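Structure at a glance
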Amino acid sequence: MNGPSALRWVWLSALVIALDQLTKHLADALLAWNQPLPLLPSLNLTLVYNTGAAFNFLSDAGGWQRWFFVGLGLVAAVVMVIWLTRLPRRERLGGAAVALILGGALGNVIDRVIYGHVIDFIDVYYGRWHWPAFNLADSAITVGVGLLILDGLLGARRPATG
């Protein structure tokens, strides 16, 4: 390892988890289930519960998927923590990306353990077509993956050091 690790980015994971849980709690307390609250054109707040994965994959599988996705999320979290410990401190973009994914994964795991489903409430739509509802944790994962891709593309352009 080259000096201190990127584990210093765990604060970002903790921030994602805290904001995710706060916004889900507010959505669950203040929104009526499946009743859109318009915010902007093409953006509603709509409280829904997702027992499956992305795009409601396996949502009607009978209940076993809850613990499968909890286990999968925990394995992903362990991999992200190991990745952060091995990532050099100077890898800021990669460290932030992995920390965002870690925070998002754990935010959704917390929901599955406590409630048996993930609380989603952000509803983006165009006309009558609606993207599947999502939450802050999902957004953090998406941004994190995008940053990893960007980091990979930029890394391919950096000169090799040896």
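Residues numbered from 1 in each chain as written. Predicted model: local features only at pLDDT ≥ 70, side-chain atom pairs only at ≥ 80, totals over all residues. Heavy atoms only, no water.

1. Notes on the overall build of the protein
Under the convention used in this document: Helix numbering and strand numbering both begin at the N terminus, where a helix is a DSSP run of H or I of at least 4 residues and a strand a DSSP run of E of at least 2. Note on classification: 1.4 Å probe, protein chains only; a residue is buried when its accessible area is under 20% of the maximum for its type, exposed when over 50%, partly exposed between these limits. Contacts between residues were defined by any pair of non-hydrogen atoms, one from each residue, lying within 4.5 Å.
Looking only at helices and strands, the protein has 4 helices and 4 strands in total. The N-to-C order of helical and strand elements in the protein reads α-β-β-α-α-β-β-α. Taking all 162 residues of the protein together, 37% fall into the buried category. In the protein, once contacts between residues fewer than 6 apart in sequence are set aside, the share between residues at least 24 apart is 68%.

2. A closer look at the sheet that holds strand β2 (residues 43-50)
Rules: At least two DSSP bridges between two strands are needed for those strands to be called paired. An axis is simply a line fitted to the C-alpha atoms; with a helix, the fit covers only the stretch in contact. Between two such axes, the angle follows the N-to-C directions and lies from 0 to 180 degrees.
Taken in spatial order, the 4 strands of this open sheet run β1-β2-β3-β4, and their pairing is antiparallel. With partners counted over all chains shown, the strands left at the sheet margins are β1 (37-40) and β4 (129-130), one partner each. Note that strand β3 (residues 118-126) and β4 share 2 bridges and pair antiparallel. When the sheet's bridge partners are listed, Tyr 126 is paired in β4 with Trp 129. Docked against the sheet, helix α1 (residues 10-30) engages β2 and β3, running at close to 80 degrees with respect to β3. Seen against the sheet, helix α3 (residues 92-115) touches β2 and β3 and runs at an angle of roughly 125 degrees to β3.

3. A word on the pairing of β3
Both β2 and β3 contribute to a ladder of 6 bridges, which runs antiparallel. In the strand pairing of β3, Leu 43 is matched with Val 124. The antiparallel hairpin formed by β3 and β4 contains 2 residues in its connecting segment, where Gly 127 sits at a positive phi of about 60 degrees.

4. Regarding the packing of aromatic side chains
The condition that has to hold: Two rings from Phe, Tyr or Trp (for Trp, the six-membered ring) form a pair when their centres are within 6.5 Å of each other. A pair whose planes differ by under 30 degrees is stacked, one over 60 is edge-to-face, and the rest are tilted.
The full count for this structure, using the stated rule, is 3 aromatic pairs. The interplanar angle of 65 degrees and the centroid separation of 5.8 Å between the aromatic rings of Trp 129 and Trp 131 together place this pair among those described as edge-to-face.

5. Quick look at the confidence of the model for the protein
Let me state the cut-off plainly: Each residue gets a pLDDT score, which is the predictor's confidence in that residue and runs from 0 to 100.
Averaged over all residues, the pLDDT of the protein equals 88, while 85% of them reach at least 70. Looking at the elements of the protein, mean pLDDT is at its lowest for helix α2 (residues 64-86), recorded as 89, and at its highest for α1, recorded as 97.

6. Here we look at the nonpolar core
Convention followed: Here, nonpolar core refers to any group of buried Ala, Val, Leu, Ile, Met, Phe, Trp, Tyr and Cys residues whose side-chain atoms link them within 4.5 Å.
Ala 6, Trp 9, Leu 12, Met 80, Leu 84, Leu 100 and Leu 102 are the most contacted members of the largest nonpolar core, which totals 15 residues. At the level of secondary structure, the elements contributing two or more residues to this core comprise α1, α2 and α3. With 6 residues, the single largest contributor to this core is α3. Here Met 80 is in contact with Val 98, Ile 101 and Leu 102, once residues within four sequence places are set aside. Ranked by size, the runner-up nonpolar core spans 7 residues in total, among them Ala 27, Phe 121, Ile 122 and Phe 134.

7. Some thoughts on the pairing of β2
It is a general feature of regular strands that their side chains alternate between the two faces of the sheet. Both β1 and β2 contribute to a ladder of 3 bridges, which runs antiparallel. The partner of Pro 38 across the bridge, within β2, is Asn 44. Hairpin connection of β1 to β2: 2 residues between the antiparallel strands, including Ser 42 at a positive phi of 75 degrees.

8. A look at the packing of α1 against α3
Where we set the bar: With the far helix as reference, a near helix turned anticlockwise by less than a right angle produces a left-handed crossing, and one turned clockwise produces a right-handed crossing. As a working rule, the residues Ala, Val, Leu, Ile, Met, Phe, Trp, Tyr, Cys and Pro are called nonpolar, Asp, Glu, Lys and Arg charged, and the rest polar, with Gly in that last group.
Running from N to C, α1 and α3 point in directions that differ by 35 degrees, and their axes come no closer than 8 Å. Here α1 and α3 pass one another in a crossing that is right-handed. Counted together, Leu 12, Ser 13, Val 16, Ile 17, Asp 20, Gln 21 and Lys 24 of α1 and Ala 96, Ala 99, Leu 100, Leu 102, Gly 103, Gly 104, Leu 106, Gly 107, Asn 108, Ile 110 and Asp 111 of α3 form the full contact between these two elements. The class makeup of the residues in the contact of α1 with α3 is 9 nonpolar, 6 polar and 3 charged.

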